[in-house]
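Chain and residue survey
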Amino acid sequence: MDVLDQLADVAVPPVPAQRSFTAGVRRKLNPRLLAVHVIEFALGATAWAVIHMTAALVAAVQYTVTGTWPRGQGPGETRGDAR
Amino acid sequence: MQPLIGQSDPASPSDEDLAAQAAREGSDGIAFTMLMDRFRERVWRVCWRLMGTEHDAEDAAQEVFVRLFFERGKFAGRSRYSTWLHGVAIRTCLTLRRSRSRRRRRESPESGEAGLAETHADPQASPTAAVDAAHDARKLLEHLDEEDRALVLMRFAENHDYEELAEMFGTTSGALRMRISRIREKLVSKSGKMLGE
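For the structure given in this document, a descriptive report is provided here. Just so you know, these numbers come straight off a predicted model, no measurement behind them.

**Some thoughts on the interface of chain B and chain A**
Every contact between the two is made by 37 residues of chain B and, on the other side, 28 residues of chain A. Overall, the association of chain B and chain A removes approximately 3,000 Å² of surface from exposure, summing both partners, and the carbon and sulfur fraction of that is 70%. Where chain B meets chain A, there are two salt bridges. Here K28 of chain A ties to D59 of chain B by a salt bridge, and the two come within 2.6 Å at their closest N and O atoms. In this assembly, chain B and chain A are joined by seven residue pairs in polar contact (both at pLDDT 80 or more). Taken together, the elements giving at least two residues each to the side of chain B that touches chain A come down to α2 (30–51), α3 (54–70), α6 (129–141), α7 (146–157) and α9 (173–191) of chain B. No other element matches the ten residues that α3 of chain B contributes to the side of chain B that touches chain A. Grouping the amino acids of the side of chain B that touches chain A by side-chain chemistry returns 20 nonpolar, four polar and 13 charged.

**Focus: the pattern of salt bridges**
Applying the stated criterion across every chain, the model contains 14 salt bridges over all chains. The partner of R32 of chain A in a salt bridge is E63 of chain B, with the nearest N and O atoms 2.7 Å apart. In this pair, R32 of chain A sits in helix α1 (residues 18–66) while E63 of chain B sits in helix α3, so the two residues belong to two different chains. Of the residues examined, R32 of chain A reaches a relative accessible area of 33% and is grouped as partly exposed.

Cut-offs used in this document
Residues numbered from 1 in each chain as written. Chains lettered and ligands numbered in written order. Predicted model: local features only at pLDDT ≥ 70, side-chain atom pairs only at ≥ 80, totals over all residues. Heavy atoms only, no water. Contact = heavy atoms within 4.5 Å. Buried area = accessible area lost by both parts, 1.4 Å probe. Salt bridge = Lys/Arg side-chain N within 4 Å of Asp/Glu carboxyl O. Polar contact = N/O pair within 3.5 Å; in protein donor to acceptor, adjacent residues only side chain to side chain. Helix = DSSP H or I, 4+ residues; strand = E, 2+ residues; numbered from the N terminus. Nonpolar A, V, L, I, M, F, W, Y, C, P; charged D, E, K, R; others polar. Buried < 20%, exposed > 50% of the residue type's maximum accessible area, 1.4 Å probe, protein only.

Printed below as a string of structure tokens:
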């Protein structure tokens, strides 16, 4: 008989109790899940902030160079609308 | 309980249907919990075979389910779910064994190999000659690299056929036959015994 075939004769110990096993999975899973959510939130928030900050910076540069705010974004527009 | 889509018998959905449902549901879904209950024993067997001690096997089996959770959307249905899951379990165990082996070598460089060789020694074992022979075979496997060792264990201890193994190891069944043949030759030269078919 092939010695390798005898590997199947080694008895596997019983599976750990379901409750403790599942608790172990949750202990490992929950912190990683939290980290994933935090990272996703941080990336989403960063993207949102970058988009809005960039628009404001572009408007400020344009105002500095040309003396006028981009259409619909400047304080004059607001005053004009109010009037 | 959420309805399981595409299933004629909602009481016992197939593994593949559960996997599809698990991919759609959130972090506390019923489908993933059902998959976990269904495959706990099989994952445990694979992990125990590959890790060698109950403590390491339990740690690895839990890690497998964590990885399955994060990769639950990646099951494409090209193979049976159980085969795909075995592949994930094998890769997880190999990663853990490699990292433990590296850590062991860092902590005590001279005891690394000895530690590995003793991994499968079961104090309650050897009531029969067959079991002794099986333990000899397991010790012999410690001379192989991690992936070859895993392949031999899945083939001979878990009796998976070559087609399933090819899915699990991401190769072809022909390549695996050749590899098993080379492993046999290597083991023969290591043991000095005849392991032929």
